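Coordinates in review
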Amino acid sequence: MKQKVYDYLLTIPKGKVVTYGQIANHLGNPRLARVVGNILHANPYPDFYPCYKVVNARGGLAKNFGFGGIEEQKRRLEADGIEVMDDFTVDIEKYIFKE
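Remember, predicted model here, so these are calculated numbers, not experimental data.

Points about the packing of helix H1 (residues 2-9) against helix H3 (residues 33-41)
Closest axis-to-axis distance for the H1/H3 pair is 10 Å, and the angle between their directions is 80 degrees. In terms of orientation, H1 lies roughly perpendicular with respect to H3. Where H1 approaches H3, its residues Lys2, Val5, Tyr6 and Leu9 are matched on the opposing element by Val36, Ile39 and Leu40. In terms of residue class, the contact of H1 with H3 is built from six nonpolar, no polar and one charged.

Now the structure itself:
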């Protein structure tokens, strides 16, 4: 399952985000959102598998982003062309990746 999560990250286009639940749905079980979060937190290659593109259902960034904290996730999203608001959220309707 881990590799399926990491592989899914590679399908997210530049300038788009997905939610933990969206990945869980893609895997066939919407109840796996928390498991997806744990898998992403243990990402062995964060520079290859872009886990920074994953936000919560309200567009919120991860307070404990495992690869440099919330400021680093914000920096990476902005470098990808995604506007991050002052409250560390993104406009989910604008930036969500729709398969």
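Structural notes on the nonpolar core
One finds Leu9, Val17, Ile23, Leu40, Leu77 and Val90 to be the most contacted residues of the largest nonpolar core, which totals 30 residues. Secondary-structure elements contributing two or more residues to this core are H1, helix H2 (20-26), H3, strand E2 (54-55), helix H4 (69-79) and helix H5 (92-95). The dominant element in this core, judged by the number of residues it contributes, is H1, at four residues. Discounting residues that sit within four places of it in the chain, leucine 77 has contacts with Val17, Tyr52, Lys53, Leu61, Ile82, Val84 and Val90.

Quick look at the pattern of salt bridges
As enumerated under the stated definition, the model contains five salt bridges in all. Of the charged contacts, one joins arginine 76 and aspartate 47 as a salt bridge, the two residues approaching to 3.4 Å between their closest N and O atoms. Remark: aspartate 47 occurs in the loop between H3 and E2 and arginine 76 occurs in helix H4; sequence separation between them is 29 residues. Relative accessible area serves as the criterion here: at 15%, arginine 76 is assigned to the buried category. Each of Asp47, Glu72, Arg75 and Arg76 takes part in a single network of salt bridges with overlapping partners.

Section: a nonpolar patch on the surface
Residues Leu10, Tyr45 and Phe48 make up a contiguous nonpolar surface patch of roughly 340 Å² in combined accessible area. Assignment of secondary structure puts phenylalanine 48 in the loop between H3 and E2.

Focus: the side chain of asparagine 43
Locating asparagine 43 in the fold gives a position in the loop between H3 and E2. Filtering out sequence-adjacent residues up to four positions away, asparagine 43 remains in contact with Tyr6, Tyr49, Cys51 and Phe67.

As for a negative patch on the surface
There is a patch of like negative charges on the surface, built from Glu71, Glu78, Glu83, Asp91 and Glu93. Tracing the backbone shows glutamate 93 in helix H5.

Details of the environment of histidine 41
Tracing the backbone through its elements, the reader meets histidine 41 in helix H3. For the pair histidine 41 and phenylalanine 65, spaced 24 residues apart in the sequence, the C-alpha separation amounts to 7.3 Å. The contact partners of histidine 41, leaving out residues within four places of it in the chain, are Asn64, Gly66 and Phe67.

How each quantity is defined
Residues numbered from 1 in each chain as written. Predicted model: local features only at pLDDT ≥ 70, side-chain atom pairs only at ≥ 80, totals over all residues. Heavy atoms only, no water. Axes fitted to C-alpha atoms, helices over the stretch in contact; angles between N-to-C directions. Helix = DSSP H or I, 4+ residues; strand = E, 2+ residues; numbered from the N terminus. Parallel < 35°, antiparallel > 145°, perpendicular 65-115°, else oblique. Contact = heavy atoms within 4.5 Å. Nonpolar A, V, L, I, M, F, W, Y, C, P; charged D, E, K, R; others polar. Core = buried A, V, L, I, M, F, W, Y, C linked by side-chain atoms within 4.5 Å. Buried < 20%, exposed > 50% of the residue type's maximum accessible area, 1.4 Å probe, protein only. Salt bridge = Lys/Arg side-chain N within 4 Å of Asp/Glu carboxyl O. Patch = residues over 30% accessible without salt bridge, like charges linked within 9 Å, V, L, I, M, F, W, Y side chains within 5 Å. Areas by Shrake-Rupley, 256 points an atom, 1.4 Å probe, with all protein chains shown as cover. Lys, Arg positive; Asp, Glu negative; His and termini not counted. Charge placed at Lys NZ, Arg CZ, Asp CG, Glu CD.

Functional significance is not addressed by these values, which are geometric in nature.
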